[in-house]
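Structural description and commentary
Residue-level listing of the chains:
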Amino acid sequence: DVIVRLYEDSPYSEWFVETGAVPDLGTGTEITVNFLSFDINNNNTFYTDSNGLEMQERILNYRPTWDWSGKQNITANYYPIQTAIAIRDINKTSQMTVMNSRSQGGSVINRGRIEIMQHRRLYYDDGRGMGEALDERDSLDNPISVPA
């Protein structure tokens with residue numbers, strides 16, 4: 001479900017996105033919400049908050065302290081978002097910011113498109129840190145449904 005609130009004489013809008021349980025398809029599944037601006041050329045640069053304190057500049061496929069040579073373009077460019085993710089077009093002095101209500105992961109893989117992970121379901125450990133599968137179920141063996 002998506003609820004959008006537009007405010008009269010304001011450039012701001014409010015989006016409430018709620019997803020249900022991740023479908024049991026027998027394979028890993030990810031559900032993302034994407035916010036697209038056709039007018040913003042962010043030049044492979046975006047900003048995420050650092051523990052809700054300040055915005056950090058992120059450049060697609062680049063790390064300032066070491067030479068980046070990753071093969072996993074999407075996962076290597078996902079960052080934790082506690083409160084906000086933004087893209088800017090410095091030539092037009094325009095910006096799009098998405099503020100989230102809970103910690104999530106997000107990125108800007110494509111020009112002008114902010115992507116935020118809502119749910120993720122894995123049947124096996126992917127070897128990327130959790131040490132377990134992400135197949136959470138309730139006491140009735142149903143997938144857990146959490147509002148996004």
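Source: prediction; values computed, not measured.

Procedures and definitions
Residues numbered from 1 in each chain as written. Predicted model: local features only at pLDDT ≥ 70, side-chain atom pairs only at ≥ 80, totals over all residues. Heavy atoms only, no water. Helix = DSSP H or I, 4+ residues; strand = E, 2+ residues; numbered from the N terminus. Buried < 20%, exposed > 50% of the residue type's maximum accessible area, 1.4 Å probe, protein only. Pairing = 2+ DSSP bridges. Axes fitted to C-alpha atoms, helices over the stretch in contact; angles between N-to-C directions. pLDDT = per-residue confidence, 0-100. Phe/Tyr/Trp six-rings, centres within 6.5 Å; stacked < 30°, edge-to-face > 60°.

Turning next to unusual backbone geometry. Excluding glycine, residues mostly carry a negative phi; peptide bonds, for their part, are mostly trans. Positive phi values are uncommon outside glycine, yet Asn-61 reaches one of about 60°. Examined against the element boundaries, Asn-61 turns out to sit in the loop between strand E5 (54-59) and strand E6 (79-81). One non-glycine residue, Thr-93, lies in the positive phi region at around 50°. With respect to the helices and strands, Thr-93 occurs in the loop between strand E7 (84-89) and strand E8 (94-99). Here Thr-93 falls in the exposed class, since its relative accessible area comes to 74%.

Turning to the pairing of E8, a few remarks are in order. In regular strands, side chains alternate between the two faces of the sheet. Here E7 runs beside E8; their pairing, made up of 6 bridges, is antiparallel. When the sheet's bridge partners are listed, Asp-89 is paired in E8 with Ser-94. Between E7 and E8, which pair antiparallel in sequence order, lie 4 residues; one of them, Thr-93, sits at a positive phi of approximately 50°.

Here we have 4 strands laid out as an open sheet, ordered E3-E10-E9-E6, and antiparallel in their pairing. Looking at the sheet topology across the chains shown, the edges are occupied by strand E3 (29-36) and E6. Across the sheet, the axes of successive neighbouring strands diverge by a mean angle of 40°, strand direction being ignored. Pairing geometry for E6 and strand E9 (residues 104-110), over 3 bridges, is antiparallel. The residue of E9 that forms the bridge with Tyr-79 is Gly-106.

The next point concerns the confidence of the model for the protein. Residues with a pLDDT of 70 or more make up 88% of the protein, whose mean pLDDT is 83. Averaged pLDDT values for the elements of the protein fall to 85 in strand E2 (residues 13-17) and rise to 95 in E7.

With that settled, the discussion passes to the packing of aromatic side chains. Enumeration according to the criterion identifies 2 aromatic pairs in this entry. On the numbers, 6.0 Å between centres and 90° between planes, the contact of Trp-15 with Phe-35 is edge-to-face. With Trp-15 in strand E2 and Phe-35 in strand E3, the pair connects residues that are 20 residues apart, well separated along the chain. Judged by its relative accessible area of 47%, Trp-15 falls in the partly exposed class.

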